[in-house]
Amino acid sequence: MNAYNKPLPYLDPESRPFWEGAKAHKLLLVQCRSCKTHRFPPTTFCAKCSSGDYDWVEAKGTGKIFSWIVVRHPVPKEVYAAEVPYIVALVALDEGVRMTSNIIDCKPEDVTADMRVSVTFRDVTPEITLPAFKPVKG
Ligand SMILES: [Zn+2]
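Just so it is clear, the model here is predicted, and its values are computed rather than measured.

Conventions and cut-offs
- Residues numbered from 1 in each chain as written.
- Predicted model: local features only at pLDDT ≥ 70, side-chain atom pairs only at ≥ 80, totals over all residues.
- Helix = DSSP H or I, 4+ residues; strand = E, 2+ residues; numbered from the N terminus.
- Rg over C-alpha atoms; globule rule 2.2 N^0.38 Å.
- Buried ≥ 20, exposed ≤ 12 C-beta atoms within 10 Å, placed from the backbone.
- Core = buried A, V, L, I, M, F, W, Y, C linked by C-beta atoms within 7 Å.
- Contact = placed C-beta atoms within 7 Å.

**Student:** What is the right way to read the overall build of the protein from this model?
**Tutor:** Summing up its helical and strand segments, the protein has 2 helices and 8 strands in all. Secondary structure elements of the protein occur, N-terminal to C-terminal, as α-β-β-β-β-α-β-β-β-β. The C-alpha radius of gyration computed for the protein amounts to 16 Å, which stays within 12% of the reference 14 Å derived for 138 residues, consistent with globular compactness. Expressed as lengths along the three principal axes of its C-alpha atoms, the size of the protein is roughly 45 × 35 × 25 Å. Every one of the 138 residues in the protein was classed for burial, and the buried ones make up 20%.

Here it is as structure tokens:
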């Protein structure tokens, strides 16, 4: 396996549980203990009720494409030349939050608004696993 040469997330105290979940192939979200609202990215306080009490919970891993772009110009070229074209999407998860990710196993011309997608996981280094989404078949 070649060394992964693309940007990797920095695991800070607020995001570390998300990335540890991803490594275990689980998509984790913060859920407010008080009003049960999910939030992503993780924050200390709930934007709906201001509570600071929350739990990390596993998302269903399904949602729909809210918006997307197709990257055709590799920057930096040495790193992304083999990847283009690729899809960067804002996925509206069924829990009500939106998550930026890649859409894989899908041609750029086949992406549509509201297309149903489900999470998949790419183990890119021994420490880091990146969630991505793929179309739900059928
Ligand atoms: Zn709340």
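That shown, we press on.
**Student:** Looking at this model, I keep getting lost on unusual backbone geometry. Mind explaining?
**Tutor:** Leave glycine aside and you will find that most residues have negative phi; peptide bonds, for their part, are mostly trans. Here the residue pair F40 and P41 is connected by a cis peptide bond, since its omega of 0 degrees sits within 30 degrees of zero. If you trace the backbone, P41 turns up in the loop between β2 (38–39) and β3 (54–58). In this chain, V84 is followed by P85 through a cis amide linkage whose omega measures -5 degrees. As for its placement among the helices and strands, P85 is situated in the loop between α2 (77–80) and β5 (86–93). Despite not being glycine, K36 shows a phi value in the positive range, around 70 degrees. On the secondary structure map, K36 appears in the loop between β1 (28–32) and β2. K36 sits in the exposed class, given 12 other C-beta atoms within 10 Å. In the Ramachandran plot, D105 falls in the positive-phi region, its phi being about 55 degrees despite a non-glycine side chain.

**Student:** How should I be thinking about the nonpolar core in this particular structure?
**Tutor:** The nonpolar side chains of a soluble globular protein tend to be buried, and buried together. Of all hydrophobic cores here, the largest spans 22 residues; its most connected members are I65, A89, V91, I103 and F133. Listed by contribution, the elements that provide at least two residues to this core are α1 (16–23), β1, β4 (62–71), β5, β6 (98–103) and β7 (116–123). When near neighbours in sequence (up to four residues on either side) are disregarded, I103 contacts I65, W68, I87, A89, V111, V117, F133 and K134.

**Student:** Please clarify how the environment of V75 should be interpreted in this entry.
**Tutor:** Summarising the element assignment, V75 is placed in the loop between β4 and α2. For V75, a count of 10 C-beta atoms within 10 Å translates into the label exposed. In the structure, V75 is positioned 18 residues away from V57 in sequence and 35 Å away in space, judged by C-alpha atoms.

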